[in-house]
Structure formats: structure tokens, C-alpha cells
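Descriptive analysis of the structure
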Amino acid sequence: QVQLVESGGGLVQPGGSLRLSCAASGFTLDYYAIGWFRQAPGKEREGVSCISSSDGSTYYADSVKGRFTISRDNAKNTVYLQMNSLKPEDTAVYYCATLMAYSDYDCTDFGSWGQGTQVTVSS
């Protein structure tokens, strides 16, 4: 059974950091491009970052560029999203997902995703 499990969310003050993890089970993450998207109440889903399966190329939405870093550890079958300098507008449920295809220009072609992890940025 293909499964993605996100963890690492929580409540953090503005300017703080969190690292989200996305652990895969039932399949080998090596062969998949993976992305993170977020969903806030009343807002459209936003693809924030993606990483390719081949050469480790990455994409970041303008809203998170310079603050978020995506990485993968194939030995642990896990993808991470390091989030620094968090802002209240980063508050959302964050999901990791397999990608149907990686693109350098956007992060939207999602396949399967996990249950999500809540990130709340508030003082």
C-alpha cells in the first residue's frame, strides 16, 4: 500500500523555524519527484516546493523562495521541508505528494498525498 506520512508541524512564532518530514511506505521514494503543497482555509491550494527524482532539481514558489528548503534522503525514504523565517501567512495544512512529472516552472502536478500536518505561525 502506497502511503505518505507527514510530520513536524506545530505552532511557532513569526520568524521561527520548523522542519517537516514526509516518510514513504509501500514504495521506494527514489523513483518519484515529490512536492509539498499547502491549503489554508478559504484559499486555493498552493504548491510551495518540489524536488525531482533524477538530479535533485528544485522548485520554490515565490512566496517561500529564500526561506524554505526541500531535500530528500533516499536512504531513509524521506523528503524534508525546512521552513525558516516563518510568517503568519505560512499558516496552513502542509501535504507532501508524489508528482506525475517534475517541472522547473511550477509545482502542481500532484498524484498521491498524505493526511497533512498543520503549521500555525502566530505570536
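1. Comments concerning the pairing of strand β4 (residues 34-39)
Most of β4 sits inside the fold, with five of its six residues counted as buried. Sheet topology note: the β4/strand β5 (residues 46-51) ladder contains five bridges and is antiparallel. Bridge pairing in β5 places R38 opposite E46. Connecting the antiparallel pair β4 and β5 is a turn made up of six residues, with G42 showing a positive phi of about 80°. With six bridges connecting them, β4 and strand β9 (residues 92-99) associate as antiparallel partners. Bridging across to β9, I34 finds its partner in T98.

2. Let's talk about the side chain of T78
Within the secondary structure layout, T78 lies in strand β8 (residues 78-83). There is a polar contact of 2.8 Å between the side chain of T78 and the backbone oxygen of K76.

3. Examining the packing of aromatic side chains
Scanning the model with the defined rule gives four aromatic pairs in all. Residues F37 and W113 carry aromatic rings whose centres are separated by 5.5 Å and whose planes lie at 90° to one another, so their mutual orientation is edge-to-face. Here the residue F37 occupies a position in strand β4, and W113 occupies one in strand β10 (residues 110-113), the gap between them amounting to 76 residues. We classify W113 as partly exposed; its relative accessible area is 42%. Among the aromatic residues, ring-to-ring pairing joins F37, Y95, F110 and W113 into one connected group. The side chain of R19 reaches across the aromatic face of Y80, ending 4.2 Å from its centre. The ring of W113 carries the charged tip of R45 above its face, separated from the ring centre by 5.2 Å.

4. Focus: the sheet that holds strand β7 (residues 68-73)
For sheets, the rule is that strands pair by backbone hydrogen bonds, running either parallel or antiparallel. An order of β1-β3-β8-β7 is seen for the four strands of this open sheet, with the pairing classed as antiparallel. Each edge of the open sheet carries a strand with a single partner, namely β1 (3-7) and β7. Adjacent strand axes in the sheet meet at a mean angle of 15° when their direction is disregarded. In terms of strand pairing, β7 meets β8 through six bridges, oriented antiparallel. When the bridges of β8 are listed, D73 appears paired with T78.

5. Re the side chain of S52
Here S52 shows up in the loop between β5 and β6 (58-60). Taking the relative accessible area as the measure of exposure, S52 reaches 4% and is therefore buried. Among the polar contacts made by the side chain of S52, one reaches the side chain of D55 at a distance of 2.9 Å. Beyond its immediate sequence surroundings of up to four residues, S52 is in contact with A33, S57, R72 and Y102.

Conventions used here
- Positions within a chain are numbered from 1, following the residues in the order the chain's sequence is written.
- Totals for whole chains, interfaces and linings use all residues, but because this is a predicted model, local features are given only for residues with pLDDT of at least 70 and pairs of side-chain atoms are given and counted only at 80 or more.
- Neither water nor hydrogens contribute to the side-chain values; these are computed over all heavy atoms in the structure.
- Each residue's exposure class comes from its accessible area (1.4 Å probe, protein chains only) as a fraction of the maximum for that residue type: buried when under 20%, exposed when over 50%, partly exposed otherwise.
- By definition, any uninterrupted DSSP run of H or I lasting at least four residues is a helix, any uninterrupted run of E lasting at least two residues is a strand, and each is numbered from the N terminus.
- If DSSP finds at least two bridges between two strands, the strands pair.
- Two N or O atoms count as a polar contact when they lie within 3.5 Å, although within protein this holds only if one can serve as hydrogen donor and the other as acceptor, and sequence-adjacent residues are included solely when both atoms are side-chain atoms.
- The rule is short: rings of Phe, Tyr and Trp, with Trp giving its six-membered ring, pair when the centres are within 6.5 Å, and they are stacked under 30 degrees, edge-to-face over 60, tilted in between.
- Our definition puts a charge over a ring when NZ of Lys or CZ of Arg is within 6 Å of the ring centre and also within 35 degrees of the ring normal.
- Angles run from 0 to 180 degrees between N-to-C directions of axes, and those axes are lines fitted to C-alpha atoms, restricted for helices to the stretch in contact.
- Contacts between residues were defined by any pair of non-hydrogen atoms, one from each residue, lying within 4.5 Å.

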